[in-house]
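Chain by chain, the residues run as shown.
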Amino acid sequence: MNPGRSHLKDLDYSVVQQCMHCGLCLPTCPTYDATKLERNSPRGRIALMRAVADGRMEATKAFGDEMYFCLGCLACMTACPAGVNYAELFEHARAEAEQSKALDNPRRSLIRGFTLRWLFMDQRRLHLLGRILGLYQRLGLQTFVRKSGVLRLLPKRLRELEAMTPTVQQEFSADLIAPTTPAAGVKKHRVAVLTGCAQDLIFSDVNRDTVEVLARNGCEVVTPPEQSCCGSLHAHNGEWELAQGLARKNIDQFPPEDFDAIITNAAGCGSHLKHYAKLLAGDPVYEKRAHLWDAKIKDVHEWLAQIGITAPVAEGLREQTVTYHEACHLCHGQKITAQPRAVLKAIPKLKLVEMAESTWCCGSAGIYNIIQPDMATQLLERKLDHITVAGAHTVATGNPGCLLQIQNGARKRGLPMRIVHPITLLAEAYRGGK
Ligand code: SF4
Ligand code: SF4
């Protein structure tokens, strides 16, 4: 897109006009389900986007608010018989909202400037913040502050946000994973692993498990210690140019020509990483490589199912009952539903029980649970009800946002449950249950 032009007006019109207003997506949309208002539905939102694209409407504050009330869960894309590319529309609509500046206010600009334009643009900054937060937590200061009652002086929303602060890992991915991990046994593939941005701080253990599982399945694994954010946070929040910059950086850091596959274990990242070619369309240097990049990006479950999973031995393993929550950007964004279940079913003595509405959003949705807490809480409560009915002691899910959201909800409700990435369960099985 040309700087200064309109995201929606410049979008390929075949994408803008694809919706045939049938309404089949409406029952699958969590925001429409909650409000029953047309404007909160995919069809309603697409009509607003088209009105802006046609020049019949300005990208007003009401337009921006509606685009940010959408979860971006993409359930509507799964339901749509016309193949409407809502993901593309949604990203351009949020970028249009940002470009119009209709939502701007000093507080919002400050937060966006600090997080999207500064913190998540350089992993070293994120690591520094993570080390400070980790120290605060490990020295017992967080517990002290929480017990002291001083938090009661904060506004309710800030107290809620404080309670959601994730525990930072003592060691990040580069501390746990060698730059190159040899395949266990015969080397059949050479892959790279993306360690993510927030994932690297909060779930570096899942990254270690991912590398271990890949090595057990005949992969030589390259995990560069210096990595960058994939840019999904930026693309989903209207920062198109920043997302493009991060995409170029990733392609340079992980030359797609060098690997059989480039692996991600975070559904939200994977869904975005597979569309760099669209993001970099028209880029004379990167567009061609971006097509190759898109073809090489694999979610870890998808890759394992493709190459065949080496079954762990049953000896030493205990019986466990697990239910599976489908991260939106895995099931709707990437259409990956059978593969994570195949990973779980490969684990001896693991009984998989299905929960109702496994594909319904848990309310995490990137930073949705921070910016739209009421709707996010409604969705979380609904998810926890289904988890409880399923009767499993462990919930498996392949996205860091969902892991955190369900962990927080289960803790608040007092549910004695383990919420874990499927790959961690497989890694534990390879280690004989440890
Ligand atoms: S992305 Fe999700 S919340 Fe947004 S319109 Fe589609 S189904 Fe509804
Ligand atoms: S987005 Fe798809 S399912 Fe929804 S109204 Fe339009 S054509 Fe129908």
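Let me sum up the structure you'll find in this document.

Definitions and limits used
Residues numbered from 1 in each chain as written. Chains lettered and ligands numbered in written order. Predicted model: local features only at pLDDT ≥ 70, side-chain atom pairs only at ≥ 80, totals over all residues. Heavy atoms only, no water. Near = heavy atom within 4 Å. Helix = DSSP H or I, 4+ residues; strand = E, 2+ residues; numbered from the N terminus. Nonpolar A, V, L, I, M, F, W, Y, C, P; charged D, E, K, R; others polar. Phe/Tyr/Trp six-rings, centres within 6.5 Å; stacked < 30°, edge-to-face > 60°. Buried < 20%, exposed > 50% of the residue type's maximum accessible area, 1.4 Å probe, protein only. Lys NZ or Arg CZ within 6 Å of the ring centre and 35° of its normal. Salt bridge = Lys/Arg side-chain N within 4 Å of Asp/Glu carboxyl O. Pairing = 2+ DSSP bridges. Core = buried A, V, L, I, M, F, W, Y, C linked by side-chain atoms within 4.5 Å. Contact = heavy atoms within 4.5 Å. Polar contact = N/O pair within 3.5 Å; in protein donor to acceptor, adjacent residues only side chain to side chain. Axes fitted to C-alpha atoms, helices over the stretch in contact; angles between N-to-C directions.

**Regarding the site of ligand 1**
Surveying the vicinity of ligand 1 reveals 13 residues, the closest of which are Cys 29, Arg 45, Cys 70, Cys 73 and Cys 76. Those elements that provide at least two residues to the shell around ligand 1 are helix H3 (30-35), helix H4 (42-53) and helix H6 (75-79). Here the residues of the shell around ligand 1 are counted per class, giving 10 nonpolar, 2 polar and 1 charged.

**What about the site of ligand 2?**
In the vicinity of ligand 2 there are 13 residues, among which Cys 19, Cys 22, Gly 23, Cys 25 and Cys 80 approach most closely. Its residues assigned to classes, the shell around ligand 2 comprises 10 nonpolar, 2 polar and 1 charged.

**Digging into the packing of aromatic side chains**
One pass over the full model with this rule turns up 3 aromatic pairs. An angle of 25 degrees between the planes, with centres 5.6 Å apart, marks the rings of Phe 114 and Trp 118 as stacked. Since its relative accessible area comes to 40%, Phe 114 is described here as partly exposed. On the basis of relative accessible area, Trp 118 is assigned to the partly exposed category, the value being 39%. Look at Tyr 276 and Trp 293: their rings are 5.1 Å apart centre to centre, the planes differ by 5 degrees, and that puts the pair in the stacked class. One end of the pair, Tyr 276, is in helix H18 (residues 276-279); the other, Trp 293, is in helix H19 (residues 287-296), with 17 residues separating them in the sequence. The burial state of Tyr 276 is the same as that of Trp 293; both residues are buried. Here the guanidinium or amino end of Lys 36 rests over the ring plane of Tyr 32, the centre of that ring lying 6.0 Å away.

**Remarks on the pattern of salt bridges**
Under the definition given, this model contains 32 salt bridges. In this structure, Glu 302 and Lys 274 form a salt bridge, with 2.8 Å as the shortest nitrogen-oxygen distance. Taken together, the residues Glu 302 in helix H20 (residues 300-307) and Lys 274 in the loop between helix H17 (267-273) and H18 connect sequence positions 28 residues apart. Here Glu 302 falls in the buried class, since its relative accessible area comes to 17%. Across the salt bridge formed by Arg 418 and Glu 428, the nearest N and O atoms sit 2.6 Å from each other. With Arg 418 in strand S9 (residues 418-420) and Glu 428 in helix H26 (residues 422-430), this pair connects stretches of sequence that are 10 residues apart. The network of salt bridges with common partners includes Glu 98, Asp 104, Arg 108, Arg 112, Arg 117 and Glu 239.

**Side note on the pairing of strand S3 (residues 219-222)**
Because side chains alternate across S3, one face comprises the buried residues Cys 219 and Val 221, and the other comprises Glu 220 and Val 222, equally buried. As judged from the 4 bridges shared by strand S2 (residues 189-193) and S3, these two strands associate in the parallel manner. Residue pairing for S3: Arg 190 is matched across the bridge by Glu 220.

**Concerning the nonpolar core**
Residues Val 191, Leu 214, Ile 263, Leu 304 and Leu 425 are the most contacted members of the largest nonpolar core, which totals 60 residues. A per-element tally of this core places H26 first, with 6 residues. The contacts of Leu 214, once residues within four sequence positions are left out, are Val 191, Val 193, Cys 219, Val 221, Ile 263, Val 300, Trp 303 and Leu 304. Formed by 28 residues, the second largest nonpolar core is a distinct cluster that contains Val 52, Phe 63, Cys 70 and Leu 89.

**A word on the side chain of Glu 98**
Mapping Glu 98 onto the fold places it in helix H7 (residues 86-100). Among the polar contacts made by the side chain of Glu 98, one reaches the side chain of Arg 108 at a distance of 2.7 Å. Apart from the residues within four sequence positions on either side, Glu 98 is in contact with Tyr 68, Leu 103, Asp 104, Arg 108, Arg 112, Asn 237 and Gly 238.

**Things to note about the sheet that holds S2**
Strand order in the open sheet formed by 5 strands is S1-S3-S2-S4-S5, and the pairing between neighbours is mixed. Strands with a single pairing partner mark the edges of an open sheet, and in this sheet they are strand S1 (180-181) and strand S5 (297-299). With 3 bridges connecting them, strand S4 (residues 261-264) and S5 associate as parallel partners. Residue pairing in the sheet places Thr 264 in a bridge with Asp 299 of S5. The strands touched by helix H14 (residues 204-216) within the sheet are S1, S2, S3 and S4, with S3 carrying the most contacts at an inclination of about 150 degrees. This element, H20, spans S2, S3, S4 and S5 of the sheet and lies at about 90 degrees to S5.

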